[in-house]
Structures are given as structure tokens and as C-alpha cells.
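Survey of secondary and tertiary structure
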Amino acid sequence: MIADQSVNYVERFIIDEGHTTLRLTQDYGYDLILFTYDAEGYVEPAVAFIQLKASEALARSGSHYVYDLDIRDYNLWRVEDIPIFLVLFDATRRRAYWLHVQPYFRYDASCQPKKGAKTVRVRVPAKQVISRRGVATMRDLKRKAKIRISTEGRS
């Protein structure tokens, strides 16, 4: 039940911000595909993936929520060009928090898993709340990733 609540919660903010999602019924690392639209309502190039992790209550450490991510997700996500957003949903508080995964692992060596690890601990900032503003930021990050990928492709 809380998995469905998490999808519904996140989708409401995405729709309110003027964008859409496609729900993936088979969970192979992603739950939603995010499509964004410009001010005239035209679809923008590229997509982003969203992976939701729902819990009755999230574990907190200081100013972050922590989640032990399966190493298989880490191995997939670190090589993916398409932006991936991990969303932690707290069912009791009805709040969700997001993290842009690739830069998180790319720029902080302390976030790398130990050799042979089955999980890697992810720290999601409590200030990165799923909201209309959070969705707008995700859109901007998706657009910047598209520009970066396009530029690298020309090099």
C-alpha cells in the first residue's frame, strides 16, 4: 500500500508543476519516467528516471535521511547517462525527499561502496523535499544533463 501512496504523492507534484510521468509496472530499477514540458506545453527532449523507496518511517542521521541502496541499483545507476532521482517516501509523515544520484556518487569518494558490499548507504538531504520547487529543480537538472550529454557527443 505505501508503495502506491509514494507514487501518488510524487505524481501530484509533478502534474501540478505541468509535467507528466509514465509508471513502470515491472520494477527493474525505476518506478517512473519523468517527461517535462516547456511554457507552451511542448514536450522537452530527454527524460529522467525516478526510483521510489517507501517506508513507514525514514531513518535519519543529522540533516539527512539514510537508505541502504542495493549494490545492483548502484552499479546500474552510476553508468546511466539519463538523470536518475532517488525518492525516499515517509508514509507516516506523508513527506518525500529526493536525490540526484549520479553526481552524488561521481563527486564524493566517501559515497563509494566498499569492495564486495551488497549495499551502499545513501544520504538524502532533508532539505530536498518533493514539492513543486523540487520538481522544478529536477527539470533543470534534467535539462542540464541533456546539454552535457549533447556537448560530450560532439567532442
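Up top is the structure these notes are about.
Since this is a predicted model, take the numbers as computed values, not measurements. (Residues numbered from 1 in each chain as written. Predicted model: local features only at pLDDT ≥ 70, side-chain atom pairs only at ≥ 80, totals over all residues. Heavy atoms only, no water.)

Positionally, His19 belongs in the loop between helix H1 (2-16) and strand E1 (20-23). A distance of 3.0 Å separates the side chain of His19 from the backbone nitrogen of Tyr37, its partner in a polar contact. Filtering out sequence-adjacent residues up to four positions away, His19 remains in contact with Ile14, Leu34, Phe35, Thr36, Tyr37, Val135 and Arg139. (Helix = DSSP H or I, 4+ residues; strand = E, 2+ residues; numbered from the N terminus. Polar contact = N/O pair within 3.5 Å; in protein donor to acceptor, adjacent residues only side chain to side chain. Contact = heavy atoms within 4.5 Å.)

Moving on, we get to the side chain of Gln102. Position of Gln102 among the secondary structure elements: in helix H3 (residues 101-107). A residue is classified by how much of its surface remains accessible, and Gln102, at 5% relative accessible area, is buried. Among the polar contacts made by the side chain of Gln102, one reaches the main-chain carbonyl oxygen of Glu80 at a distance of 3.2 Å. A distance of 3.0 Å separates the side chain of Gln102 from the backbone nitrogen of Ile84, its partner in a polar contact. Apart from residues no more than four positions distant in its own chain, Gln102 is found in contact with Trp77, Glu80, Asp81, Ile82, Pro83 and Ile84. (Buried < 20%, exposed > 50% of the residue type's maximum accessible area, 1.4 Å probe, protein only.)

Moving on, we get to the sheet that holds strand E4 (residues 59-61). Taken in spatial order, the three strands make up an open sheet running E4-E5-E8, and their pairing is antiparallel. The sheet terminates laterally at E4 and strand E8 (119-125), the two strands that pair on one side only. Mean inter-strand twist for the sheet, computed between neighbouring axes without regard to direction, equals 45°. Pairing geometry for strand E5 (residues 64-70) and E8, over seven bridges, is antiparallel. Within the sheet, the bridge partner assigned to Tyr65 lies in E8 and is Val124. (Pairing = 2+ DSSP bridges. Axes fitted to C-alpha atoms, helices over the stretch in contact; angles between N-to-C directions.)

This part is about the environment of Pro83. For Pro83, the location among the structural elements is in the loop between helix H2 (71-77) and strand E6 (84-90). For Pro83 and Lys144, which are 61 residues apart along the polypeptide, the C-alpha to C-alpha distance reads 9.6 Å. Sequence-distant contacts of Pro83, that is, excluding residues within four places in its chain, are made with Val47, Ala48, Phe49, His100, Gln102, Lys142 and Ala145.

If you walk across this open sheet you meet the five strands as E1-E2-E3-E6-E7, and the pairing is mixed. The open sheet is flanked by E1 and strand E7 (95-100), the only strands paired with a single partner. Direction aside, the axes of adjacent strands within the sheet are offset by 30° on average. As defined by bridge partners, E1 adjoins strand E2 (residues 32-35) across four bridges and the pair is classed as antiparallel. Looking at the pairing, Arg23 lines up with Leu32 of E2.

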